[in-house]
Amino acid sequence: MRDDPTEILPQDITAIQNVMNQFLLQQRDSLKTWFDQQMSQSSYDLPMAPAAQVYPSSQVQSILQQDILLCRLMGLRILHIGDRYFLNGESLAWNYANPWNIMAHNTTINGYMLRKFIDDNDFITQLTLLINK
């Protein structure tokens, strides 16, 4: 018991810090995921596309084949730890690190930049989902 139960002592903070440090050491992968999710979220509301505009995968693929520029929304963040990429707080498919990296480093992309992935239906499907969001 303490003389003043309302007082927080420096050793209390140290004890809590030690518990948290131990937890973070044991849960490093969870911390990395949480950090990427938080840091990749936009700090303000992103502009919304018209609700009626929904692209099918075939149209996104056609746009890339025609080498039309796609522009990333201002404020949309793509971050990564190793080959794990996060876009606006969401984890992206790990097996497409190369195109995610291209998208992370460029605010506009075209089909030439993603030429190795234009015929990959799984990638086009994931890219289409991102565009429609």
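Residues numbered from 1 in each chain as written. Predicted model: local features only at pLDDT ≥ 70, side-chain atom pairs only at ≥ 80, totals over all residues. Heavy atoms only, no water.

Draft legend 1. Geometry of the overall build of the chain. The secondary structure content of the chain amounts to 5 helices and 5 strands. Its helices and strands in sequence order give the chain the pattern α-α-α-β-β-β-β-α-β-α, from N to C terminus. Counting only contacts in the chain whose residues sit at least 6 apart along the sequence, the fraction spanning at least 24 positions is 67%. Summed over its atoms, the accessible surface of the chain is roughly 9600 Å², and 56% of this surface lies on carbon and sulfur atoms. (Helix = DSSP H or I, 4+ residues; strand = E, 2+ residues; numbered from the N terminus. Contact = heavy atoms within 4.5 Å. Areas by Shrake-Rupley, 256 points an atom, 1.4 Å probe, with all protein chains shown as cover.)

Draft legend 2. Structural view of the pattern of salt bridges. Enumeration according to the criterion identifies 1 salt bridge in this entry. Note that K133 and E90 form a salt bridge whose closest N and O atoms lie 2.5 Å from each other. Taken together, the residues span a long stretch of sequence, with K133 in the segment after α5 (121-132) and E90 in strand β4 (residues 90-91) at a distance of 43 residues. (Salt bridge = Lys/Arg side-chain N within 4 Å of Asp/Glu carboxyl O.)

Draft legend 3. Inspection of the side chain of Q61 at higher detail. For Q61, the position within the fold is in helix α3 (residues 57-65). We classify Q61 as buried; its relative accessible area is 18%. Leaving out residues up to four positions away in the same chain, Q61 has contacts with I118, D119, N121 and I124. (Buried < 20%, exposed > 50% of the residue type's maximum accessible area, 1.4 Å probe, protein only.)

Draft legend 4. Molecular detail of a nonpolar patch on the surface. Together, F23, L24, L31, W34, F35, M39 and L79 make up a nonpolar patch on the protein surface, roughly 630 Å² of accessible area in all. Breaking the nonpolar patch down by element, the ones donating at least two residues are α1 (10-26) and α2 (28-40). With respect to the element layout, M39 can be found in helix α2. Residue class for M39 comes out partly exposed when judged on its relative accessible area of 39%. (Patch = residues over 30% accessible without salt bridge, like charges linked within 9 Å, V, L, I, M, F, W, Y side chains within 5 Å.)

Draft legend 5. Representation of the environment of D119. Looking at the element boundaries, D119 is found in the loop between β5 (108-109) and α5. Relative accessible area serves as the criterion here: at 62%, D119 is assigned to the exposed category. Sequence-distant contacts of D119, that is, excluding residues within four places in its chain, are made with Q61 and Q65.

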